[in-house]
Amino acid sequence: MEKTNQELKREEEIIQFKVNGRDYQFTVGRDLEPQETLSSFLRERLGLTGVKVSCEQGACGACTILLNGESVLSCMMLAVEADGGEIVTIEGLNQEDEVVNSFVEMCEPGFGTAMQCGFCTPGFIMEAHSLLNKNPNPSPDEIKEGLSGHICRCGCYHGIEKAVENAAVLIMKKGVESDV
Ligand code: FES
Ligand code: FES
């Protein structure tokens, strides 16, 4: 099939974005295909396999990353659409990350665990960051609502909500301590 003028123009484009603090520059058509999704690009080309892919239809939240501080479903956008943006994946969070640590603290098996197989966890963690960026002190209902686009097949919803509640407290405490 012949390529349209728009597709040919796109193929010559250079796109740039930052991923986990590192600058990248790619030539469309050489380094990435115009139709390549951001999730596939991050996983297959940059090796960031913490970005999970399940439904590829925007229905499960597993592929959630941060783009300019806001959560996005990376399976639902093209890599070229991230041009000029700043991306953070689970690999870009530091070891002291309060949200990660809250999930780790609540990973004991049994009722109330926030993490069983862990497949959904990166997506929930990135969503929690987006939520807490916008609303540092969310109510339980606001947490539930903020996480509602995510599916956990292990059914850890209760523990996940508690972990996010706990992370909000830890982030607030850290803010108070750094102000002292
Ligand atoms: S893999 Fe992107 S929403 Fe399910
Ligand atoms: S912990 Fe297994 S899917 Fe959520």
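Residues numbered from 1 in each chain as written. Chains lettered and ligands numbered in written order. Predicted model: local features only at pLDDT ≥ 70, side-chain atom pairs only at ≥ 80, totals over all residues.

Some thoughts on the overall build of the protein chain
Okay, step 1: Helix and strand counts for the protein chain come out as six helices and five strands.
Okay, step 2: Start at the N end of the protein chain and walk to the C end: the helices and strands fall as α-β-β-α-β-β-β-α-α-α-α.
Okay, step 3: Along the first, second and third principal axes, the C-alpha set of the protein chain runs to 55 × 40 × 25 Å.
Okay, step 4: A burial count over the protein chain gives 34% of its 180 residues as buried. (Helix = DSSP H or I, 4+ residues; strand = E, 2+ residues; numbered from the N terminus. Buried ≥ 20, exposed ≤ 12 C-beta atoms within 10 Å, placed from the backbone.)

Description of the pairing of strand 3 (residues 64-67)
A regular strand places its side chains on the two faces of the sheet in alternate fashion.
Okay, step 1: For strand 3 and strand 4 (residues 70-73), the ladder comprises four bridges, and the chain directions are antiparallel. Looking across to strand 4, one finds that Leu-66 is bridged to Ser-71.
Okay, step 2: Relative to strand 5 (residues 86-88), strand 3 runs antiparallel, the two sharing two bridges. Across the sheet, Leu-66 pairs through a bridge with Val-88, a residue of strand 5. (Pairing = 2+ DSSP bridges.)

Structural notes on the sheet that holds strand 5
Okay, step 1: Strand order in the open sheet made by the five strands is 2-1-5-3-4, with mixed pairing throughout. Unpaired on one side and paired on the other, strand 2 (22-27) and strand 4 mark the two borders of the sheet. If you compare each strand with its neighbour and ignore which way they point, the axes differ by 35 degrees on average. (Axes fitted to C-alpha atoms, helices over the stretch in contact; angles between N-to-C directions.)

A word on the nonpolar core
Okay, step 1: In this structure, Phe-103, Ile-125, Ala-128, Ile-160, Val-164 and Ala-167 are the most contacted members of the largest nonpolar core, which totals 41 residues.
Okay, step 2: Taken together, the elements giving at least two residues each to this core come down to strand 1 (14-19), helix 2 (38-45), strand 3, strand 4, helix 3 (98-105), helix 4 (121-134) and helix 6 (157-179).
Okay, step 3: In terms of residue count, helix 4 provides more of this core than any other element does, six residues in total.
Okay, step 4: Shared between two domains, this core takes at least three residues from each, and those domains are domain 1 (12-91) and domain 2 (93-179). (Core = buried A, V, L, I, M, F, W, Y, C linked by C-beta atoms within 7 Å. Domains from an automatic or database assignment.)

Looking at the environment of Arg-153
Okay, step 1: Mapped onto the secondary structure, Arg-153 falls in the loop between helix 5 (140-146) and helix 6.
Okay, step 2: Here Arg-153 falls in the exposed class, since 12 other C-beta atoms lie within 10 Å of it.
Okay, step 3: Arg-153 sits 37 residues away from Gln-116 along the chain, and the two C-alpha atoms are 9.4 Å apart.

Digging into helix 2
Okay, step 1: Along helix 2, the positions that sit buried rather than exposed are Leu-38, Ser-39, Ser-40, Phe-41 and Leu-42.
Okay, step 2: Downstream of helix 2 by one or two residues, Gly-47 has phi in the positive range, about 70 degrees.

Re the domain arrangement of the protein chain
Okay, step 1: One can read the domain layout of the protein chain as domain 1 (12-91) and domain 2 (93-179).
Okay, step 2: For domain 1 versus domain 2, the distance between C-alpha centres works out to 23 Å.
Okay, step 3: At the junction of the two partners, domain 1 supplies 14 residues and domain 2 supplies 14 residues.
Okay, step 4: Of all the elements in the fold, those that place two or more residues in the side of domain 1 that touches domain 2 are strand 3 and strand 4. (Contact = placed C-beta atoms within 7 Å.)

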